[in-house]
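What follows is each chain in one-letter form.
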Protein chains: 4
Amino acid sequence: MSNQGARSGSVDASAASSSANSLRADSSRLDRFRTLRRHTEDLAAPLSPEDQTVQSMPDASPTKWHLAHTTWFFETFLLREHARGYRAFDPAYEYLFNSYYEAVGPRHPRPQRGLITRPGVDEIMAYRRHVSRAMAELIESGANGIDALLELGMHHEQQHQELILMDIKHVLSCNPLRPAYGSGGPHPIKHDAPLSWREFEGGLVEIGHAASDASPGFAFDNEGPRHRVWLDPFAIALRPVNCGEYLAFMEDGGYRRPEFWLSAGWDCVNQRDWQAPLYWEKRDGAWQVFTLSGLRPVQAEEPVCHVSHFEAAAYAKWAGKRLPREQEWEASADLLDGRGQVWEWTASPYVAYPGFREPAGAIGEYNGKFMANQMVLRGGCVATPPHHIRPTYRNFFPPDTRWMFAGIRLAEDLR
Amino acid sequence: MSNQGARSGSVDASAASSSANSLRADSSRLDRFRTLRRHTEDLAAPLSPEDQTVQSMPDASPTKWHLAHTTWFFETFLLREHARGYRAFDPAYEYLFNSYYEAVGPRHPRPQRGLITRPGVDEIMAYRRHVSRAMAELIESGANGIDALLELGMHHEQQHQELILMDIKHVLSCNPLRPAYGSGGPHPIKHDAPLSWREFEGGLVEIGHAASDASPGFAFDNEGPRHRVWLDPFAIALRPVNCGEYLAFMEDGGYRRPEFWLSAGWDCVNQRDWQAPLYWEKRDGAWQVFTLSGLRPVQAEEPVCHVSHFEAAAYAKWAGKRLPREQEWEASADLLDGRGQVWEWTASPYVAYPGFREPAGAIGEYNGKFMANQMVLRGGCVATPPHHIRPTYRNFFPPDTRWMFAGIRLAEDLR
Amino acid sequence: MSNQGARSGSVDASAASSSANSLRADSSRLDRFRTLRRHTEDLAAPLSPEDQTVQSMPDASPTKWHLAHTTWFFETFLLREHARGYRAFDPAYEYLFNSYYEAVGPRHPRPQRGLITRPGVDEIMAYRRHVSRAMAELIESGANGIDALLELGMHHEQQHQELILMDIKHVLSCNPLRPAYGSGGPHPIKHDAPLSWREFEGGLVEIGHAASDASPGFAFDNEGPRHRVWLDPFAIALRPVNCGEYLAFMEDGGYRRPEFWLSAGWDCVNQRDWQAPLYWEKRDGAWQVFTLSGLRPVQAEEPVCHVSHFEAAAYAKWAGKRLPREQEWEASADLLDGRGQVWEWTASPYVAYPGFREPAGAIGEYNGKFMANQMVLRGGCVATPPHHIRPTYRNFFPPDTRWMFAGIRLAEDLR
Amino acid sequence: MSNQGARSGSVDASAASSSANSLRADSSRLDRFRTLRRHTEDLAAPLSPEDQTVQSMPDASPTKWHLAHTTWFFETFLLREHARGYRAFDPAYEYLFNSYYEAVGPRHPRPQRGLITRPGVDEIMAYRRHVSRAMAELIESGANGIDALLELGMHHEQQHQELILMDIKHVLSCNPLRPAYGSGGPHPIKHDAPLSWREFEGGLVEIGHAASDASPGFAFDNEGPRHRVWLDPFAIALRPVNCGEYLAFMEDGGYRRPEFWLSAGWDCVNQRDWQAPLYWEKRDGAWQVFTLSGLRPVQAEEPVCHVSHFEAAAYAKWAGKRLPREQEWEASADLLDGRGQVWEWTASPYVAYPGFREPAGAIGEYNGKFMANQMVLRGGCVATPPHHIRPTYRNFFPPDTRWMFAGIRLAEDLR
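Residues numbered from 1 in each chain as written. Chains lettered and ligands numbered in written order. Predicted model: local features only at pLDDT ≥ 70, side-chain atom pairs only at ≥ 80, totals over all residues. Heavy atoms only, no water.

Caption draft 1: Region of the structure containing the overall build of chain A. Across its full length, chain A holds 10 helices and 14 strands. The C-alpha radius of gyration computed for chain A amounts to 22 Å, which stays within 12% of the reference 22 Å derived for 415 residues, consistent with globular compactness. Its C-alpha atoms give chain A principal-axis dimensions of roughly 65 × 55 × 35 Å. Evaluated residue by residue, chain A yields a buried proportion of 60% over its 415 residues. The long-range fraction of contacts in chain A, counting pairs at least 24 apart against all pairs at least 6 apart in sequence, stands at 79%. (Helix = DSSP H or I, 4+ residues; strand = E, 2+ residues; numbered from the N terminus. Rg over C-alpha atoms; globule rule 2.2 N^0.38 Å. Buried < 20%, exposed > 50% of the residue type's maximum accessible area, 1.4 Å probe, protein only. Contact = heavy atoms within 4.5 Å.)

Put into structure tokens, the structure is as follows:
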């Protein structure tokens, strides 16, 4: 999500509704909360204080900023509001670690997050402990009215878990030594199956998350309301485009032939001298790719990754196909193979669903205000926490961005 | 249209189909052609060679470039292909006056159109006469297969008629003397009626231009194919927002309150120091507006004009409403009052309709390649040639642009 | 002069001092004034209104701006002050045509001079006639106290005569048609003599213009006071470097070898992709050069021109020599061959001479305020009015600029 | 020095010339070397790994880069050349920690020094130990021909000691918490004496360092050759301008009145919104200044610091004086009070002295290639290692830079 932050969500009102079950529910929620917090810290563990400090481009944030901002979220929206007698760890953090909430107040400019060397990693870890303890007390106290915000805060932190990996990958890629994040970095799975397709009749379908669904579960506000759309007949590919296929596009002059490109994409190709996906580099005549485990050869059977929307659309045009609309993707999601390997660019700009209304207050700034000049991605990637992979989930980024784990799925009209 | 150029279109194949009527048809087409060409020249007539030479920003073009480029279009796509023995006026013009057709070849960089002082206005007028004469011969010859391209070329030139006015208005506004284009510049009509609304049930509707429609008529390629969409119930305002209403937004702190703005819009407000629509300036405490007739007081009953999509969306949010989707607009177009006064920003990003395919060849670059980061505007404005005002017409510009004659129409959900 | 404007000067007080000779003096001055004004207009005569309107870069100005600004100078500093009952041609011109005089008031931003299409050339010519007439009356009236300002205004206009040629050459060079200013454009003279040198002992010498000199004559304020400097022994080349010699530098990898370049110069080479002097272009394997007469082959015997200080210094280092200091240049000026062909870059930054004081008032802004980050050039070029070629004259430009007619003369230490 | 690096120097050939004294000399040199290296590490000691990693602007460098680059200098110019069997610590460091030596080979781009998180501080400290050990062996071995390079390397590292303080001050100032480097940061001494002046007759004087001087001692190459200059009579102030005096300039509209400013300086004032020296901020109506010890009130009696050349020149003009030329400064240096408190801007652009020749090889890139668009500063500041404060020392920075500890000394003409 290019807002680099959290999103407002709705939770099933039936959760924790029964007072008889509330103790168990609280204990279970507390476990989830602790597991979540620990997982974030585990992601930072392979990184030195130096690694965690640097911001390699305005769109990305330092690791230690992510550690602090996710904590700020709980402090600002839960503890300050609902925890009686809570004392802020440091009043200056309200300013330092606000991402983009105008309603909360002024904030440190985003492109300058990497200039803040203090508080350092140790102090931010103390901040995390302070807030986690206070949150544990709040959860155990059985306080009312915090369920939705708690869920939101946890999903928010999960989003930042993915951002930590995206952003540190970019930092490390700027180092001519190409150092690895760690040996256990996530890898997309290979697919050597031939590309097969599935056809859909279309018609009037329902998509989006229903707040009062029979099937409970969390969703961000921008995933609803559930609504009807008309779809014309279409076919969709059963796996993402792989590197071997993408190399064929490159070798056919893909980056030198304007006829495949949107005009703004062609400008990008020329102004930024794009010749391959981000993180690809040619060494001794062979394509290598920088990964969280370091540099290694491009493998033909692996989904192509770190392409912009412009590259995805150009590839699709070269292939005589198109990108799926997000409604087509959602309507066919259950059948799709390779889902969750790489985020999949759709042909759909990120706009409000019919009937969408932002929640009141600062939380309303989550998603709605980013609905301009961004494209929807669906699915999820190997760096995405599992609970974030669901058919209605709408990720979004500007069409020229490449540092998230994004790939290509093809579609086509049937008539 | 932010591509600043022409668009590929489809014409009803039944036009001029009967050989018995062909002579009359040719004579009528020739009249239309001559009237069109003369009208373009009439628009340039109040302007000096100095006025016609300058490019005030990369998005805009000099008047004499418009005079030449519309001529280049006929020369390139009709005369070179279909006029036996045609001799190009000057081979260098193929390079100089190509707007954005990659398939035609390299071209002079757009931001440097204003550096070309030669050919001057006189030579460009000679170029126009040369091409107009050759076109007249071609039309009179009854040549086959030129109908669609001739229609396209004429609609293309009409688009540039509007651009001439948009662009010269910007040039003249940069002059601290605020000189007038002329005394007869177009003015939107005043509306002093209270804002009333009309409700629609929605449902499954058809929108877009049908190529084989029973009702003949020209449309650009991006207006089709005709297709079904589902609409939820909505209401739409029966006139555009006027300056008095917009002033109330301004006086309520509209440009200082982030809660009304898309995030990218709020960045624009701050980075470009927007405090009012383009061309408004405060003198002695009163708002004045620069028009093609010079500077004059803002009039409350007039449609507000020269606002960006960001301002339109912020106004709508302040008013507790939203902008219409382009499908809603088209479905209700016949009832809409004040259509054709100002282009009306919609909530819809500019994307391909289901089943859209670009035509083959250079003409395919018309519309499709601009489908990124632009929003659809509907309707038309006082500077739009009448034949360009039709329900299916899709104009498009990036959401931060303001130099076209664009205003605001409100809509809202009914449930 | 990179201030693109006039300079404050001192005139010999003895000029026109005798009342007996005043009538003749006035008549002679009037002739000079009229000749001067006519010459400026003659320079603009080959140019169309389109040519005269465009500004091709922020450093340059439109021809018609030069026509107006030189007129503004007489109006502002002479007529407004000294001509009883003078009526300004248009009060708005005070703002429009002020170049950089803070003391006169605000002014139109320099990079936007090319956006002002009105007043057009005809109106500016009427402005010139209006002011020339009023000036003629003022001169004939024998008004007191105008001598120094009149001289200054005339030398100011001569500076702009050279700027007109420099600036229009740049405008025309941006046109892919490479149109000529005219067939009679000035050409540097060829030198096929071998490079010879003259040695100087140095010692304590005097340089600069002495205000109360026995030899009367005009000089700008920055040419004085006359003062002593110590020079170590040196040798200086008797003609400028020619194109053949410069080509040897290029062919020896001059533009690819950092060891010859100042660090800031090497940045320019790489960032701006310099591979040859400005206006050189390779066609079919041979170097051509764009001149005021159009494109023609580079000629080996001609002085190299349109090089920056960085290129001049790199060439000198490659040749095992150095550029002359301005004091060395002036001390040896009388012997120098080829003076007046191309401006000659010196090794001297442009700073105030010992004892320099700016005149009081707006005129004090002429020269002094530009004494930062500029290098002195000496001599004069084929586009320089003859009266501007004198040993004490100090031209100045930033070291990365190339659009003036500047070349290279070598020097070396003798011990 | 704005090259941010070392400078080529000359050492007295008589040093260590006697073989009888060589053992003692080596031991003394080794002590000096070890003390020097330890002092650099002491300067970094108060800083966390996070502090040492960040680059707050392209002109500045991370602390850990300084720690590594000074080490690289010894490794590259001494150990690789003169230490038999030396094994480089890491071959990649040759690329990573080269500052600007084209002759050594390609290097990591300067503006991206802050993106290199690895090697971290610990690894760089190991690199320092590795090189320091090898250097100690080399020094103890009595190797021939290393004297000059060893001296140069030590003076080079001393220059970086000052840069460490300058650069980290800028980093910390970007933090809204305004954290202190430490409580013991250097402070300029207060002067409450009235401003007094000393007069000089001028005449023919010698300035610059003489390589074969009777008085031995190190100097950088740009401090020589010693040469004659003629000076007109002048007076020079006996202490630098203090904050109280500078506040009077500010309160008299100094930053709002163009008449005091060089044209390029006035552009800076307006484009960068300068209203006070760097690091000054107004809180509750009173001026505070950020120092290495944190924020504290501006004190009137303290030398004003962190002003650009443009501000220094504007202040001098406001005061009716001027800045001293560097030759005047050097000729009167022994008498000057307050020397070594703040670097003192002179009126002299940084150019080669007569007869200056760069040394051969990479070391020749030290100083000569930076002789463009920079002004000379003389003296030294509280952050300057004592051995760097000598009358012939020439520091240099572009006239718009403010992050070094630079202040103002006044001078004036006597006739």
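Caption draft 2: Geometry of the relation of the copies chain D and chain C. If you rotate chain D by 180 degrees and push it 0.0 Å along the axis, it lands on chain C with an RMSD of 0.0 Å. Such a combination of turn and shift is consistent with a two-fold rotation axis. Closest approach to the rotation axis among the C-alpha atoms of chain D is made by D:Asn373, whose C-alpha sits 2.4 Å away. Residue by residue, 100% of the interface of chain D is reproduced at the interface of chain C, so both copies engage with the same surface. (Least-squares fit on C-alpha atoms with pLDDT ≥ 70 in both.)

Caption draft 3: Examining the pattern of salt bridges more closely. Evaluated as defined, the whole model comprises 116 salt bridges over all chains. Notably, a salt bridge pairs A:Glu206 with A:Arg226, separated by 3.2 Å at the nearest N-O pair. Here the residue A:Glu206 occupies a position in strand 3 (residues 203–207), and A:Arg226 occupies one in the loop between strand 4 (219–220) and strand 5 (227–231), the gap between them amounting to 20 residues. A relative accessible area of 45% means that A:Glu206 is categorised as partly exposed. Take A:Arg226: its relative accessible area is 39%, and that puts it in the partly exposed class. Note that D:Glu311 is salt-bridged to D:Arg402, the shortest N-O span being 2.7 Å. You can see D:Glu311 sitting in helix 9 (residues 309–318) and its partner D:Arg402 sitting in the loop between strand 12 (395–397) and strand 13 (406–407), a full 91 residues away along the chain. Each member of the pair, D:Glu311 as well as D:Arg402, is classed as buried. Salt bridges here are not isolated pairs; linked through shared partners, they connect A:Arg37, A:Glu41, A:Arg128 and A:Glu157. (Salt bridge = Lys/Arg side-chain N within 4 Å of Asp/Glu carboxyl O.)

Caption draft 4: Local environment of the interface of chain D and chain C. Listed by partner, the interface residues are 32 residues for chain D and 32 residues for chain C. Counting the surface lost from both chain D and chain C, the interface buries some 2500 Å², and carbon and sulfur atoms represent 54% of this. Taken together, the connections running from chain D to chain C amount to two salt bridges. With a closest N to O distance of 2.5 Å, D:Lys317 and C:Glu358 form a salt bridge. Taken together, the connections running from chain D to chain C amount to six residue pairs in polar contact (both at pLDDT 80 or more). Sorting the residues of the side of chain D that touches chain C by element identifies strand 5 (227–231), helix 8 (263–271), helix 9 and strand 10 (343–349) of chain D as the ones contributing at least two each. For the side of chain D that touches chain C, the element with the highest residue contribution is strand 5 of chain D, accounting for four residues. Class assignment of the residues belonging to the side of chain D that touches chain C gives a composition of 19 nonpolar, five polar and eight charged. (Buried area = accessible area lost by both parts, 1.4 Å probe. Polar contact = N/O pair within 3.5 Å; in protein donor to acceptor, adjacent residues only side chain to side chain. Nonpolar A, V, L, I, M, F, W, Y, C, P; charged D, E, K, R; others polar.)

Caption draft 5: Looking closely at the packing of aromatic side chains. Applying the stated criterion to the full structure yields 144 aromatic pairs over all chains. Ring plane angle 85 degrees and centroid distance 5.8 Å describe the contact between C:Trp72 and C:Phe77, whose orientation is recorded as edge-to-face. The ring of C:Trp65 carries the charged tip of C:Arg113 above its face, separated from the ring centre by 3.7 Å. The ring of D:Trp197 carries the charged tip of D:Lys321 above its face, separated from the ring centre by 5.0 Å. (Phe/Tyr/Trp six-rings, centres within 6.5 Å; stacked < 30°, edge-to-face > 60°. Lys NZ or Arg CZ within 6 Å of the ring centre and 35° of its normal.)

Caption draft 6: Region of the structure containing the relation of the copies chain A and chain D. Between the two copies, chain A and chain D, the superposition gives an RMSD of 0.0 Å; the rotation angle is 180 degrees and the shift along the axis is 0.0 Å. A shared interface surface links the copies, since 100% of the contact residues of chain A are contact residues in chain D too.

Caption draft 7: Here's a closer look at the nonpolar core. Ranked by size, the top nonpolar core spans 217 residues in total, and within it C:Met135, C:Trp345, C:Ile408, D:Met135, D:Trp280, D:Trp345 and D:Ile408 carry the most contacts. When near neighbours in sequence (up to four residues on either side) are disregarded, D:Ile408 contacts D:Pro240, D:Val241, D:Tyr246, D:Val304, D:Val307, D:Ala312, D:Tyr315 and D:Leu323. Core analysis: the next-biggest nonpolar cluster, separate from the first, contains 216 residues, A:Leu47, A:Met154, A:Val298 and B:Ile164 among them. (Core = buried A, V, L, I, M, F, W, Y, C linked by side-chain atoms within 4.5 Å.)

Caption draft 8: View of the interface of chain A and chain D. Contacts between the two partners involve 31 residues from chain A and, on the opposite side, 31 residues from chain D. Buried surface at the junction of chain A and chain D, summed over both partners, amounts to about 2200 Å²; 62% is from carbon and sulfur atoms. The largest share of the area that chain A buries against chain D comes from A:Glu50, A:Leu115 and A:Arg118, three residues that together contribute 32% of it. Linking chain A with chain D are two salt bridges, by the criterion used here. Residue D:Arg118 is joined to A:Asp51 by a salt bridge in which the shortest nitrogen-to-oxygen separation is 2.9 Å.

Caption draft 9: Inspection of helix 5 (residues 121–140) of chain D at higher detail. All names here are of chain D. Taking 1.5 Å per residue as the helical rise, helix 5 with its 20 residues ought to reach 28 Å, and the 28 Å between its terminal C-alpha atoms agrees with that figure. Residues Val121, Ile124, Tyr127, Arg128, Val131, Ser132, Ala134, Met135, Ala136, Leu138 and Ile139 constitute the buried set of helix 5. Directly beyond the C-terminal end of helix 5, a positive phi value near 65 degrees is found at Gly142. (Expected span 1.5 Å × (residues − 1).)

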